[in-house]
Amino acid sequence: MMGSLSNKHIIDGLSALYGIEVMELTLLPLGADINASVYRAETMEQVSYFVKISTSHNLNSIAIMDLLVKAGIDQIIPPVRTLHGPPTLQLDDFTVIVYPFIAGQDGFSRSLSDHQWLALGKTLRNIHGVDVPQSLQQQIRSETYSPKWRNTVRSLLSNEETNHVDDEFAVKLWAFINQNLAAINRLVNRAEQLAHELQNETLEFVLCHSDIHGGNILIDEADKAYIVDWDDPIMAPKERDLMFIGGGVGNIWNKPHEEKLFYEGYGKTEINTTALAYYRNERIVEDIAEYMKEVLFTNAKSEDKFVMYNHFKDMFQPRGVVEIAHAYQN
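Below is a summary of the structure that appears in this document. (Residues numbered from 1 in each chain as written. Predicted model: local features only at pLDDT ≥ 70, side-chain atom pairs only at ≥ 80, totals over all residues. Heavy atoms only, no water.)

Okay, the sheet that holds strand β9 (residues 217-220) next. Strand order in the open sheet made by the 3 strands is β6-β9-β10, with antiparallel pairing throughout. Of all the strands in the sheet, the pair left with one neighbour each is β6 (104-106) and β10 (225-227). Each strand of the sheet is rotated relative to its neighbour by a mean of 25 degrees, with strand direction disregarded. Note: β6 against β9, 3 bridges, orientation antiparallel. Bridged to glycine 104 within β9 is aspartate 220. (Pairing = 2+ DSSP bridges. Helix = DSSP H or I, 4+ residues; strand = E, 2+ residues; numbered from the N terminus. Axes fitted to C-alpha atoms, helices over the stretch in contact; angles between N-to-C directions.)

Pairing is antiparallel across the open sheet formed by 5 strands, whose spatial order is β1-β2-β3-β5-β4. The sheet is open, and its two edges are formed by β1 (22-28) and β4 (88-91), each paired on a single side. For this sheet, the mean angle separating the axes of adjacent strands, direction not counted, is 30 degrees.

Burial runs high along strand β3 (residues 48-54): 6 of the 7 residues are buried. In the sheet, strand β2 (residues 36-43) pairs with β3 via 7 bridges, with the strands oriented antiparallel. Looking across to β3, one finds that valine 38 is bridged to lysine 52. Once β2 ends, the chain turns through 4 residues before running back antiparallel as β3, passing glutamine 46 with a positive phi of about 60 degrees. (Buried < 20%, exposed > 50% of the residue type's maximum accessible area, 1.4 Å probe, protein only.)

Further remarks concern the pattern of salt bridges. Under the definition given, this model contains 17 salt bridges. A salt bridge links aspartate 66 to arginine 81; the shortest N-O distance between them is 2.6 Å. One end of the pair, aspartate 66, is in helix α2 (residues 60-70); the other, arginine 81, is in the loop between α2 and β4, and 15 residues separate them in sequence. The exposure class of arginine 81 is partly exposed, given its relative accessible area of 35%. Salt bridges here are not isolated pairs; linked through shared partners, they connect Arg150, Arg154, Glu192 and Glu282. (Salt bridge = Lys/Arg side-chain N within 4 Å of Asp/Glu carboxyl O.)

Below, the discussion takes up the packing of aromatic side chains. Counted according to the given criterion, the structure contains 12 aromatic pairs. Look at phenylalanine 262 and tyrosine 263: their rings are 5.0 Å apart centre to centre, the planes differ by 90 degrees, and that puts the pair in the edge-to-face class. Among the residues examined, phenylalanine 262 registers a relative accessible area of 0% and is labelled buried. Ring geometry for tyrosine 278 against tyrosine 279: centres 5.0 Å apart, planes inclined by 65 degrees, an arrangement best described as edge-to-face. (Phe/Tyr/Trp six-rings, centres within 6.5 Å; stacked < 30°, edge-to-face > 60°.)

This part takes up the side chain of lysine 52. Topologically, lysine 52 is positioned in strand β3. Lysine 52 sits in the buried class, given a relative accessible area of 8%. If sequence neighbours within four positions are ignored, lysine 52 has contacts with Ala36, Ser37, Val38, Thr95, Val96, Ile97, Asp229 and Asp231. (Contact = heavy atoms within 4.5 Å.)

The next point concerns the packing of helix α3 (residues 114-128) against helix α9 (residues 256-266). Contact pair α3 / α9: the axes reach a minimum separation of 6 Å and the direction vectors enclose 45 degrees. By the angle between their directions, the pair α3 and α9 is classed as oblique. Considering the relative orientation of α3 and α9, their crossing is right-handed. From α3, Asp114, Trp117, Leu118, Leu120, Gly121, Lys122, Leu124, Arg125 and His128 reach across to α9, where they touch Glu258, Leu261, Phe262, Glu264, Gly265 and Tyr266. Split into classes, the residues belonging to the contact of α3 with α9 amount to 7 nonpolar, 3 polar and 5 charged. (Parallel < 35°, antiparallel > 145°, perpendicular 65-115°, else oblique. Left-handed = near helix turned anticlockwise from the far one by under 90°. Nonpolar A, V, L, I, M, F, W, Y, C, P; charged D, E, K, R; others polar.)

Quick look at the pairing of β9 now. The side chains of a regular strand alternate, residue by residue, between the two faces of the sheet. By the alternation rule, side chains of β9 split into Ile217 and Ile219 and Leu218 and Asp220, which are all buried. One ladder, built from 3 bridges, connects β9 with β10; its direction is antiparallel. Paired with isoleucine 219 across the strands is alanine 225, a residue of β10. In sequence, β9 turns back onto β10 through a hairpin of 4 residues, with aspartate 223 there showing a positive phi of about 70 degrees.

Here the focus is the side chain of arginine 283. Within the secondary structure layout, arginine 283 lies in helix α10 (residues 273-296). You can call arginine 283 buried: its relative accessible area is 15%. Within the local environment of arginine 283, its side chain forms a polar contact with the side chain of aspartate 287, the two groups lying 3.0 Å apart. With near-sequence residues (within four places) excluded, arginine 283 lies in contact with Asp211, His213, Met243, Phe244 and Val249. (Polar contact = N/O pair within 3.5 Å; in protein donor to acceptor, adjacent residues only side chain to side chain.)

Let's shift gears to unusual backbone geometry. A positive phi is found at aspartate 223, a non-glycine position, where the angle reads about 70 degrees. On the secondary structure map, aspartate 223 appears in the loop between β9 and β10. One non-glycine residue with positive phi stands out, namely tryptophan 253, at about 55 degrees. Along the polypeptide, tryptophan 253 turns up in the loop between α8 (239-242) and α9.

One way to put it is that helix α5 (residues 148-157) packs onto α10 with a least axis distance of 9 Å and a crossing angle of 45 degrees. Judged on the interaxial angle alone, α10 and α5 are oblique. As α5 runs across α10, the sense of the crossing is left-handed. Counted together, Trp149, Arg150, Thr152, Val153, Leu156 and Leu157 of α5 and Tyr278, Glu282, Val285, Glu286, Ile288, Ala289, Glu290, Met292 and Lys293 of α10 form the full contact between these two elements. Within the contact of α5 with α10, the residues separate by chemical class into 9 nonpolar, 1 polar and 5 charged.

Structure representation (structure tokens):
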């Protein structure tokens, strides 16, 4: 996991730049992002804030959230502005962004209701239909079907004999990888094949969230569902987002009736099955690369390696992402 700032440094920064006088700052155990930490800040006025501290925050995400709010999409939680207007605070090498704290549960902790699935479909369709100014499109990522993660996995796999692993979870992970090496190679090769096919297709690029799994859905106490974590938006085929529906990330969102409800809300659309298959395979390849790097080639704490090791194994569980990706035929 990323290094962190002291609580005092964070509290002083929130006071000086936001005028938020923090009484208590609590680190929250959220997500698997190794580049970010999240906190709940509580004030004496009993107002709470969600504070995200990152080493890799994409400032263009603020402009995207502003655009979506102006488009009338109210399932977005816009950030709190500093006293001088900018939405972010720099503390040393970290970017701090503050949101109103909304009490609730994420989609990993709580299943979406039928109504919420319909609403999610409608919301995502509206997001995909937003007209993104060309000037903003040029500032955010655009899909290239890059081989980066496929090459990374191949490189990491070739390092087993040249890297001495001497901690419990590195040894366990290598053993698990070797047991599932055929499946991993199949994912990498399949993603490569599909990427080449997509290079020769002309697909419409729309604004995509890029990571719209259950952990990035926040359901508040009034049962309203928000889409959170807009750190990495991308202009890409709509399948970049749609692959999560029925894709099994976190071993949820893998039931046919949920997918049916979502598309009732999303509305009639033609799915490019090559793109959907590509993104399901490529997402797993990226996760494999990230988890391998964290467990095998960093000095992360044992408890962090334990978390990453279990995330890695969970991908191979029944009805998990690997099984679903292998079964999906374009």
